[in-house]
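Single-letter residue listing:
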Amino acid sequence: MDYTQFLAMKQEIGLLTVFLLVFLYDTFMPRGAQKSLPVISVVLMLALTALGFCSCSLGSAHNTVAFAGMYETSPVISAIKNILNVGVVIVLLQSISWANSEKMAVRRGEFYELLLVTLFGMYLMISSRHFLMFVIGLESASLPLAAMVALEKNSYESHEAAVKYILTAVFSSAIFMMGLSFVYGLTGSLYFENIYFALTGELNSMLVIALAFTIAGVGFKLSLVPFHLWTADVYQGAPTSVTSYLSVISKGAAAFAFMVILAQVFGTLYSQVWEWMLYALIILTITIGNLFAIRQRNMKRFLAFSSISQAGYIMLGVIAYNAMGVAAMMYYILVYIFSNLAAFGVIGAIENATGKVSMDDYRGLYRSNPRLSVAMMLAMFSLAGIPPFAGFFSKFFIFTSAINQGSVAIYVLVLIALINTIVSLYYYLLVVKAMFIAPEESVIPTFKSTCSERLGLWITVGGILVLGIVSFFYNSLLNLATDSTMSMYFIG
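None of these values were measured; they are calculated from a predicted model. (Residues numbered from 1 in each chain as written. Predicted model: local features only at pLDDT ≥ 70, side-chain atom pairs only at ≥ 80, totals over all residues. Heavy atoms only, no water.)

**Re empty space enclosed by the protein**
- If you walk through the whole model with that rule in mind, you get two cavities of 30 Å³ or more.
- The volume enclosed by the largest cavity comes to roughly 50 Å³.
- Looking at the largest cavity, the residues that line it are Q310, Y332, V335, Y336, S339, S382, L383, G391, S394 and K395.
- For the lining of the largest cavity, the secondary structure elements donating two or more residues are α15 (323-354), α17 (370-384) and α18 (390-403).
- Looking at the lining of the largest cavity residue by residue, the class counts come to four nonpolar, five polar and one charged. (1 Å grid on protein atoms, 1.4 Å probe; cavity = no way out; pocket = protein on both sides within 12 Å on 5 of 7 lines; lining within 4 Å. Points joined across faces, edges and corners; volume = space filled by probe spheres on them. Helix = DSSP H or I, 4+ residues; strand = E, 2+ residues; numbered from the N terminus. Nonpolar A, V, L, I, M, F, W, Y, C, P; charged D, E, K, R; others polar.)

Written out as structure tokens, the structure reads:
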């Protein structure tokens with residue numbers, strides 16, 4: 001075996017280095033120095049992210065295939081991993097005060113170590129070009145998340161959420177593996193490229209079932225309807241820092257992996273099978289996510305159904321089925337990271353200070369905590385797609401990429417998505433109304449959030465504003481996607 005192939009996995013090796021440093025610090029440093037672990041984790045991930053962006057900007061990242069074609073990296077894949085790293089840095093920053101709380105003192109290191117293991121699994125999912133490596137990445141990303149959801153050992157809701165998550169994860173993995181067994185039986189290979197070129201014959205029922213099972217397995221990670229039933233309960237029961245990680249990083253990695261599988265494995269079946277499957281999933285996901293979000297009073301459940309709806313919009317990038325769709329999805333997820341983490345940053349700060357997570361408790365929040373109210377308002381405006389904030393441009397680009405397909409069906413799909421955007425505007429404004437217009441006195445007293453929480457909010461709010469102004473950053477992503485081998489099987 002040529003061990004120089006491992007040099008192609010620069011980002012994975014960097015992440016493992018971060019993991020080892022965090023693990024060694026947590027294991028061998030005295031208890032008095034343990035409170036510095038969260039800050040060290042943030043600094044190490046920030047350094048990894050900076051190195052990743054530097055390698056992309058200097059052009060050192062190039063198309064590389066390793067391990068007999070099982071692993072692939074390219075500039076666009078490196079950029080995708082860097083986008084996930086940005087979200088992880090913000091999550092780690094926002095979690096510092098929670099990780100240093102008295103109830104987390106014993107399990108502080110576990111949170112960071114499990115998080116880094118799940119991120120490594122997501123890296124493998126994105127770079128895999130063989131289903132064996134993809135399954136390893138999928139399980140590495142899924143199983144530690146169950147332990148993260150159950151980190152608060154004295155919380156019944158946390159235990160319940162972990163049980164629901166692990167049972168659903170196991171069931172979805174079984175469905176996914178069943179689909180893979182059908183694919184292997186039909187093609188005799190687990191390599192993405194071999195399967196792609198083998199699926200050029202006549203369409204049969206086993207192939208349709210295999211594709212449906214595969215979509216169902218990955219749809220669980222994305223919370224696509226009807227594979228979404230675990231989402232609200234897990235988001236509510238998990239610690240807020242874990243919920244924010246689940247809502248953006250896990251979802252973003254699954255979306256990119258989903259696009260790779262559909263394009264590079266089942267691309268030849270685009271118009272015959274999975275285009276119409278995805279149409280139905282997108283309409284159901286956006287509509288049901290919006291309708292259930294209107295009914296929620298718990299802020300974490302509210303954002304759970306909001307994230308379900310957002311997953312439907314993300315899938316429009318897959319329907320676009322071209323390099324523009326890849327770029328639009330990357331830009332959308334980057335904006336979604338800033339917008340959603342801004343909302344979770346406010347929720348986390350209020351929960352850490354007061355323990356309140358109900359939307360009714362946010363009535364009159366502007367009178368007692370105006371800065372938190374403004375940050376939440378900007379997050380809601382961006383998630384709703386109100387100009388000139390970043391969310392408007394992310395929706396604009398994702399709709400444009402889909403419409404370029406030019407079919408009547410895609411116009412109807414985008415029209416339904418636009419109507420749902422109006423519905424989502426209603427429930428996002430319910431939060432703004434509660435904070436700014438409700439006549440009641442503030443339930444939440446005035447308090448000062450921690451330095452790390454304020455810094456996290458400044459970064460997320462800055463991202464919402466800057467990506468709204470500098471939306472031509474999308475052009476750089478489009479150039480990357482056009483030149484990348486990720487789009488080699490796309491039409492157009």
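On we go.
**Focus on unusual backbone geometry**
- For the bond running from V225 to P226, omega is 10 degrees, close enough to zero to count as cis.
- A cis amide bond, omega 5 degrees, links P387 with the succeeding residue P388.
- The residue P388 is located in the loop between α17 and α18 in this model.
- We note that A68 has phi near 60 degrees; this positive angle belongs to a residue other than glycine.
- With respect to the helices and strands, the residue A68 is situated in the loop between β1 (64-66) and β2 (71-73).
- Even without being glycine, S223 reaches a positive phi, approximately 65 degrees.
- Inspection of the secondary structure assignment puts S223 in the loop between α9 (205-222) and α10 (231-237).

**A word on helix α20 (residues 451-469)**
- Over its 19 residues, α20 runs 27 Å from end to end, which matches the ideal 27 Å to within 8%, given 1.5 Å per residue.
- All of the buried residues in α20 are S452, E453, G456, L457, T460, V461, G463, I464, L467 and G468. Across the axial projection of α20, the buried residues extend over an arc of 165 degrees, all falling on one side. Exposed and oriented more than 90 degrees from the buried face of α20 are C451, W458 and I469. (Expected span 1.5 Å × (residues − 1). Buried < 20%, exposed > 50% of the residue type's maximum accessible area, 1.4 Å probe, protein only. Arc of directions from axis to C-beta.)

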